[in-house]
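As a plain string of letters, each chain reads:
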Amino acid sequence: MAARRVVVFPSSAELGPALAHLVTSRADSAISTHGRFTLGLSGGSLVSMLSKELLALPQLDCSKWVVGFCDERLVSFDDPDSTYGLYKNQLFSKVNIPESRILTIDSSLPVNECAEDYTCKLKEAFPDDDFPIFDLLLLGMGPDGHTCSLFPDHPLLEETKKIVAPISDSPKPPPQRVTMTFPVVNSARCVAFVSTGRSKAPVLKEVLEGREGPAFPAARVVPTKGELFWLVDDPAAASLTIQVERLGSGAKL
């Protein structure tokens, strides 16, 4: 397990370009090592931040990227809750990533079959891995400490065999989703959380510094062999007492 890096930026305006650099530097390294870059995306505020910052880069080449989704809501792609739909509008339609390299769910299927179908797609994309080994997973965290669609006190937290799991009772709407499991998340070569805003400060402190009772789902992301970044802004980091790195404008990870 590599050391966890908690990196604090004055605001999301400085965090965004550093995130884009992390993505492109890991992409360059992966492509030079094994000919492609595998990226897992999450939704929420990450969509607009990542899309804006990647599109601002000169000569961005996504032709050798393979993109999957850390979780996805079981809605049609034109629904505003669709993570793929948001990325398609804000990013995919504006870069040279082949559609065949974007691994999407089949939203027409019932949730259990949808999870099985997405598992098959990931197995095809990662034929040599028991659990898919992504070069980089980008994760968010909810104010309840959830990440992906892995929620506190939910049975899916203990899933050890499935690659993708269905969830029909998400405490956050929409209720039907599919999600990567912890074995996949913790197999990644690099995981980066992005957490911004004062509303995240209380839970961020408990995730990074510990709490009484069971650990929050986000605290259970500990890559077995990979790197772990927490990229946060000053408001989210307001309650932290641990040692952190502080970076400003133009920082590169």
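The preceding data block contains the structure.
Heads up: these notes are all about the structure in this document. (Residues numbered from 1 in each chain as written. Predicted model: local features only at pLDDT ≥ 70, side-chain atom pairs only at ≥ 80, totals over all residues. Heavy atoms only, no water.)

Remarks on the side chain of N186
Thought 1: By secondary structure assignment, the location of N186 is in the loop between α5 (182–185) and β8 (190–195).
Thought 2: Among the polar contacts listed, one links the side chain of N186 to the backbone oxygen of R220, at a separation of 3.2 Å.
Thought 3: Apart from the residues lying within four places of it in its own chain, the contact partners of N186 are R220, V221, V222, P223 and T224. (Helix = DSSP H or I, 4+ residues; strand = E, 2+ residues; numbered from the N terminus. Polar contact = N/O pair within 3.5 Å; in protein donor to acceptor, adjacent residues only side chain to side chain. Contact = heavy atoms within 4.5 Å.)

Comments concerning the sheet that holds β8
What links the strands of a sheet is backbone hydrogen bonding, and the strands pair in either a parallel or an antiparallel sense.
Thought 1: The seven strands lie next to each other as β3-β2-β5-β8-β9-β1-β10, forming an open sheet whose pairing is parallel. Each end of this open sheet is capped by a strand with a single partner; those strands are β3 (65–69) and β10 (245–246).
Thought 2: Where strand β1 (residues 4–9) and strand β9 (residues 227–233) come together, six bridges link them in parallel fashion. By the bridge assignment for β9, V7 is matched with L231. (Pairing = 2+ DSSP bridges.)

Observations concerning the packing of helix α1 (residues 12–34) against helix α2 (residues 46–55)
Thought 1: One can describe the packing of α1 onto α2 by two numbers: an axis separation of 9 Å at closest approach and a directional angle of 70 degrees. Classed by the angle they form, the pair α1 and α2 counts as roughly perpendicular. Like other packed secondary-structure pairs, α1 and α2 cross with a definite hand, here right-handed. Side by side, α1 and α2 meet where S12, L15, G16, P17, L19, A20, V23 and T24 of the first sit next to L46, M49, L50, E53 and L54 of the second.
Thought 2: For the contact of α1 with α2, the class distribution of residues is nine nonpolar, three polar and one charged. (Axes fitted to C-alpha atoms, helices over the stretch in contact; angles between N-to-C directions. Parallel < 35°, antiparallel > 145°, perpendicular 65-115°, else oblique. Left-handed = near helix turned anticlockwise from the far one by under 90°. Nonpolar A, V, L, I, M, F, W, Y, C, P; charged D, E, K, R; others polar.)

Digging into the sheet that holds strand β7 (residues 177–180)
Thought 1: With antiparallel pairing, three strands are arranged side by side in an open sheet as β4-β7-β6. Pairing within the sheet leaves two strands with one partner each, and these edge strands are β4 (71–73) and β6 (164–167). Each neighbouring strand pair of the sheet contributes to a mean axis angle of 20 degrees, computed without reference to strand direction.
Thought 2: The sheet contact formed by β4 and β7 spans three bridges and is antiparallel. Along β7, the bridge assignment pairs R73 with R177.
Thought 3: Contacts from helix α4 (residues 111–125) reach β6 and β7, with the element oriented near 165 degrees to β6.

Concerning the packing of aromatic side chains
Thought 1: Counting across every chain of the model gives nine aromatic pairs.
Thought 2: Their ring planes at 80 degrees and their centres at 5.2 Å tell us that F37 and W65 sit as a pair that is edge-to-face. Of this pair, F37 sits in strand β2 (residues 37–41) while W65 is found in strand β3, placing the two residues 28 residues apart along the sequence. For the pair formed by F37 and W65, the shared burial category is buried.
Thought 3: An aromatic cluster is defined as three or more aromatic residues linked by ring pairs; in this entry it consists of F69, F77, Y84, Y87 and F92.
Thought 4: Between the NZ or CZ atom of R36 and the centre of the ring of F126, over which it lies, the distance is 5.0 Å.
Thought 5: Here the basic side chain of R211 rests over the ring of F216, its NZ or CZ set 3.9 Å away from the ring centre. (Phe/Tyr/Trp six-rings, centres within 6.5 Å; stacked < 30°, edge-to-face > 60°. Buried < 20%, exposed > 50% of the residue type's maximum accessible area, 1.4 Å probe, protein only. Lys NZ or Arg CZ within 6 Å of the ring centre and 35° of its normal.)

By themselves, these are just geometric observations and shouldn't be taken as functional.
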